[in-house]
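Chains, contacts and geometry: an overview
Chain by chain, the residues run as shown.
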Amino acid sequence: METFLIKALQLILAFAILVIIHEFGHFLFARMFGIKVEKFYIFFNPKFSLFKWKPKKYAKCLSKNDPYESELPENKEEGKDEKKEELTVETLPKVEEPEAKIAEVTAETKTAEEIPAETAEAETDKEETPKKKSFWGDTEYGIGWLPLGGYCKIAGMIDESMDKEQMAKPPQEWEFRSKPAWQRLLVMIAGVLFNFLLAILIYAGIVYATGEKYVTFKDATAGMHFSPEAQKIGFRDGDIPLTADGKPLENPLEDRMDMLQASKVTVLRDGDTVAIAIPEKFLFRIENETKKGETPIMFMDYRIPTEITQVMAGEGAAKAGLKVGDRVIAVDTVATPYLLDFLSALPGHDNGTVDLTVVRPEGEAADTIVLPVQLNAGSKMGVGLEIDPSRFYEAKEKQYGLLESVPRGVQLGTDKLTSYVKSMKLVFTKEGAQSVGGFGAIGSIFPEKWDWIAFWNIAAFLSVALAFMNILPIPALDGGHVLFLLYEVIFRRPPNQKFLEYAQMIGMGLLILLLLYANGMDIVRLFK
């Protein structure tokens, strides 16, 4: 339960950040062009909101000068006394002759025809000139209760609000539909742009804070371990990857997807270069293998020795005398020179005893000893194992300054976007449709324990994915609005408003169906 809550919290926090940044992009560009933004909401709020706030409304409530307050005298009795005092004999005006009064009124009064046109227009303009609009204050901000997205309600625009009543009124100069097409186009692509910029900023921040450290393929002299599915198509344990479709490979963490999506991968095997053909949809075979738990690795991993880093008191390893620093090279009669070999040799020995052959460093020499170890019901012995390849191989390490981190962030963001776009073509296959997941699938990629670096890495990737998905030319998405605006730019006339309304409704219907299908697949997987 605790693990579920941690993953759910990370998912909601990441989703909220991405939604805020996306909608803020629309908001900022709309206000820059003088377009009114009526609402800015994180998550959807059908029927009610968890929280809402409108700056101008509450500013009026807190104002000392209430605009609705009566201007009558504070003391009504004093007002009456003053009125009586005004009507004394001494204060009565003198009565003038009727002829003089008529002449005075005639002289001071002019007909409407006699008022200069310029003066009349100036007075009219003065009355109709609107007050300066607040950049932030005219918008209602809120948090909805349905965490499926968010929205920025822009005045005079056909969007998910389907505000037909507003669209039926004459266009106003502060509405979206009254602005030039190029301004509306920038407003619509701003959300996608801000999501991609957020990913770049996160990647830049990560490399600036932590730098980069990894063991290159060529420096991992023992080569790589490969999963059973990878070995079926020709990979062998110990292979050192060289190229993917001619592109040189260096970092296993970054180049894994290039290998899975390539047509051909070359490896170094026993001093020779070997070419391996990668089947179409091979990525799904690896994904299914990982989900089934048939292997502890996804496609490939470093080959590293089995070194003990922790011995838990009271468990089988401690009772047998294992120590931190020991290296296990065999389980019974099975050689386990590398970590994956060791992990593969243990299952099936529940509550049994195994003989571990251990190399123990003692000063300049190393002793080889055999220790009988009692395993528990899960074939575990109570030890921690070293998983950092830099402990055994020379690692490439680089620290980034503030200015250096920005281009690196751009490179990482672009690489992630390119990789994601390549993988999207597989979604339209049978295997791709079966692999689609909803919030459960997204939440599962977050770590079980809170790790800020891992959290921001995943948030950056999701930001890239959100940017790409939103720019797809589907009505109800930003890409759909962009498509119709490009039509207007090319043909010099906007699409019919009724057509836009129907397209918006169809697009929203498709998105709801996709959402139900994706989350339904999550539920189906739970029962498999």
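First things first, this report covers the structure right here in the doc. (Residues numbered from 1 in each chain as written. Predicted model: local features only at pLDDT ≥ 70, side-chain atom pairs only at ≥ 80, totals over all residues. Heavy atoms only, no water.)

The subject of this paragraph is a nonpolar patch on the surface. A contiguous nonpolar patch, built from Tyr502, Met505, Ile506, Leu510, Ile512, Leu513 and Leu516 and spanning about 750 Å² of accessible area, is present on the exposed surface. Along the chain, tyrosine 502 turns up in helix 18 (residues 497-526). (Patch = residues over 30% accessible without salt bridge, like charges linked within 9 Å, V, L, I, M, F, W, Y side chains within 5 Å. Areas by Shrake-Rupley, 256 points an atom, 1.4 Å probe, with all protein chains shown as cover. Salt bridge = Lys/Arg side-chain N within 4 Å of Asp/Glu carboxyl O. Helix = DSSP H or I, 4+ residues; strand = E, 2+ residues; numbered from the N terminus.)

Attention now goes to the layout of surface pockets. Estimated volume of the second largest pocket: approximately 360 Å³. Residue lining of the second largest pocket: 20 residues in total, with Ile158, Phe176, Arg184, Glu488 and Leu500 positioned closest to the centre. Counting residues per element, the lining of the second largest pocket draws most heavily on helix 17 (residues 478-491), which supplies five residues. Split by residue class, the lining of the second largest pocket holds eleven nonpolar, six polar and three charged. (1 Å grid on protein atoms, 1.4 Å probe; cavity = no way out; pocket = protein on both sides within 12 Å on 5 of 7 lines; lining within 4 Å. Points joined across faces, edges and corners; volume = space filled by probe spheres on them. Nonpolar A, V, L, I, M, F, W, Y, C, P; charged D, E, K, R; others polar.)

Along the chain, the position of glutamate 212 falls in strand 5 (residues 212-214). When its relative accessible area of 13% is taken as the criterion, glutamate 212 is described as buried. The contacts of glutamate 212, once residues within four sequence positions are left out, are Val207, Glu254, Lys396, Glu397, Lys398, Tyr400 and Arg408. (Buried < 20%, exposed > 50% of the residue type's maximum accessible area, 1.4 Å probe, protein only. Contact = heavy atoms within 4.5 Å.)

Pairing within the open sheet is mixed, and its four strands lie in the order 2-3-1-4. Of all the strands in the sheet, just strand 2 (51-53) and strand 4 (146-154) have a single pairing partner and so form its edges. Strand-to-strand twist of the sheet, defined as the mean angle between neighbouring strand axes without regard to direction, takes the value 10°. Each of strand 1 (37-44), strand 3 (140-143) and strand 4 touches helix 1 (residues 2-32); the most contacted strand, strand 1, lies at about 170° to it. (Pairing = 2+ DSSP bridges. Axes fitted to C-alpha atoms, helices over the stretch in contact; angles between N-to-C directions.)

A word on the nonpolar core. Membership of the largest hydrophobic core comes to 29 residues, with the highest contact counts inside it found for Phe235, Met259, Val265, Phe282 and Phe299. Elements represented by at least two residues in this core include exactly strand 6 (224-226), strand 7 (240-244), helix 9 (252-261), strand 9 (264-269), helix 10 (282-291) and strand 11 (300-302). In terms of residue count, helix 10 provides more of this core than any other element does, three residues in total. (Core = buried A, V, L, I, M, F, W, Y, C linked by side-chain atoms within 4.5 Å.)

Let us now look at unusual backbone geometry. Note: most peptide bonds trans; most residues except glycine with negative phi. For lysine 47, which is not glycine, the phi torsion reads 75° and is therefore positive. Among the secondary structure elements, lysine 47 is positioned in the loop between strand 1 and strand 2. The exposed category is assigned to lysine 47, whose relative accessible area is 87%. Positive phi is not limited to glycine here, since aspartate 332 has a value of about 55°. Mapping aspartate 332 onto the fold places it in the loop between strand 13 (327-331) and strand 14 (334-335). When its relative accessible area of 34% is taken as the criterion, aspartate 332 is described as partly exposed.

This next bit is on the sheet that holds strand 8 (residues 247-248). With antiparallel pairing, four strands are arranged side by side in an open sheet as 8-7-9-10. The open sheet has two free edges, formed respectively by strand 8 and strand 10 (272-277), since each of these has just one partner strand. Bridge count between strand 9 and strand 10: six bridges; the pairing is antiparallel. Within strand 10, the residue paired with valine 265 across the bridge is isoleucine 276. Its contacts with the sheet place helix 9 against strand 7, strand 8 and strand 9, and it is angled at close to 60° to strand 7.

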